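# Inside the fold
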Amino acid sequence: MVKRALITGIAGQDGTYLSEFLLGKGYEVFGVLGPCPGAFVEWAKQYGGRLHAIEADLTDMTSVLAAVESSAPAEVYNFAAQSSVGESWADAIATTEVNAVGVLRLLEAVRTLAPDARVFQASSADMFGNATEMPQTEATPIRPQSPYAVAKAYGFHIVGNYRDSYGLHASNGIMFNHESPLRGTSFVTRKITDGVARIKLGLATELRLGNLDAQRDWGFAGDYVEAMWLMLQQERPGDYVIASGETHSVREFCAAAFAAADLDYRDYVTIDPALFRPIDVNVLYGDPTKARTVLGWEPKVTFLGLVEMMVEADLARLQSSGE
Ligand code: NDP
């Protein structure tokens, strides 16, 4: 029988990669998004009726119930979120509505309408804040430092609570930063690779950035969706750190991205104090040992491979669009 998966936030970065991954495995995929855009209709055409759009909003319980009921899923992947840490200070209430209470709405819908479905929640390493341990594991204390991370910490805990309270097969991926050419341009990695491509093509002369000393554990989104799927194939649910196991500064990312276009970042990057966050997490550095040993998961794309992939994609996009 064809397996059915429900993916919230399907039009985002991870939703797109996971859909392609599951469709490649023969799944029927139901994706939650806003009013169905033409691009989705075009995308769905190539899958002969195995990719469907469901109009729903995680802040609206009626639509969440309808999404679960109509898709009758065997697996549910919750990506829907206001996913920007920086934006979460500007709209903390809306961030909490979707990133925290939205998770609860989805769990309630699954508990009542599809209690045998397996659930994946996209939790975030940002929950660790300025962690006291390096690297961070599943046992590292949660000390969130932004409205985004506080809301994600609620989502993380309510997944564990519904697992314990109702026996749901619900798992958290404690996701460290993962990027791709589909990453939004407000995120620092994509802002850098888009900026490099613009400078290389003579469309810009400088790149304004905030804190270059922040360190992050960056991996490729295409690798990370495989780990999410593997988590739902386990007999027992659980929480897993999904990370590359390396940490690099924003400065290193910059240097590598400019070098990929034969440029020196020091000639183009300007530090803009207005771009610093009210509180920043200094270092995120994950230990994916549990995912490696229990799931047999191995990321394939290296840090440099990821940077080069993103710079090349932005160069190709800008060249073909003639922007
Ligand atoms: P994206 O921002 O690309 O995708 C998030 C999606 O959620 C968007 O398609 C958005 O739709 C949708 N969404 C927002 N609000 C609602 C709502 N109220 N109801 C339904 N859908 C909504 O994020 P990513 O794909 O990068 O990340 C996926 C998940 O993983 C997110 O939950 C994110 O917080 C989490 N995560 C990501 C990390 C990363 O490095 N990428 C690291 C750790 C966690 P629209 O654009 O139309 O608003």
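Everything quoted here is computed from the prediction, not taken from an experiment.

## Regarding the domain arrangement of the protein chain
Entries for the protein chain in the domain assignment read domain 1 (4-178 + 218-242) and domain 2 (184-216 + 248-285 + 303-321). Measuring from the centre of the C-alpha atoms in domain 1 to the corresponding centre in domain 2 gives 27 Å. Taken together, the 18 residues of domain 1 in the interface contact 20 residues of domain 2. For the pair domain 1 and domain 2, the two sides together bury roughly 1700 Å², of which 68% comes from carbon and sulfur. Interface area lost by domain 1 to domain 2 is led by Trp-89, Asn-130 and Trp-218, which between them contribute 40%. Our count for the contact surface shared by domain 1 and domain 2 stands at three residue pairs in polar contact (both at pLDDT 80 or more). The set of elements that each furnish at least two residues to the side of domain 1 that touches domain 2 consists of helix H4 (85-90) and strand E10 (219-220). Considering each element in turn, the side of domain 1 that touches domain 2 owes the most residues, three residues, to H4.

## Overview of the pattern of salt bridges
For the structure on display, the rule yields 19 salt bridges. Arg-111 is the salt-bridge partner of Glu-108, the closest N and O atoms lying 2.9 Å from each other. Taken as a pair, Glu-108 and Arg-111 lie in helix H5 (residues 92-113) at a separation of three residues, close to a single helical turn. Given the relative accessible area of 22%, Glu-108 is considered partly exposed. The partly exposed category is assigned to Arg-111, whose relative accessible area is 28%. The shortest N-O distance in the salt bridge between Glu-226 and Lys-300 comes to 3.1 Å. With Glu-226 in helix H8 (residues 221-233) and Lys-300 in the loop between helix H10 (289-295) and helix H11 (303-321), this residue pair connects regions lying 74 residues apart in the sequence.

Here is what the cut-offs are and how they apply
Residues numbered from 1 in each chain as written. Predicted model: local features only at pLDDT ≥ 70, side-chain atom pairs only at ≥ 80, totals over all residues. Heavy atoms only, no water. Domains from an automatic or database assignment. Contact = heavy atoms within 4.5 Å. Buried area = accessible area lost by both parts, 1.4 Å probe. Polar contact = N/O pair within 3.5 Å; in protein donor to acceptor, adjacent residues only side chain to side chain. Helix = DSSP H or I, 4+ residues; strand = E, 2+ residues; numbered from the N terminus. Salt bridge = Lys/Arg side-chain N within 4 Å of Asp/Glu carboxyl O. Buried < 20%, exposed > 50% of the residue type's maximum accessible area, 1.4 Å probe, protein only.

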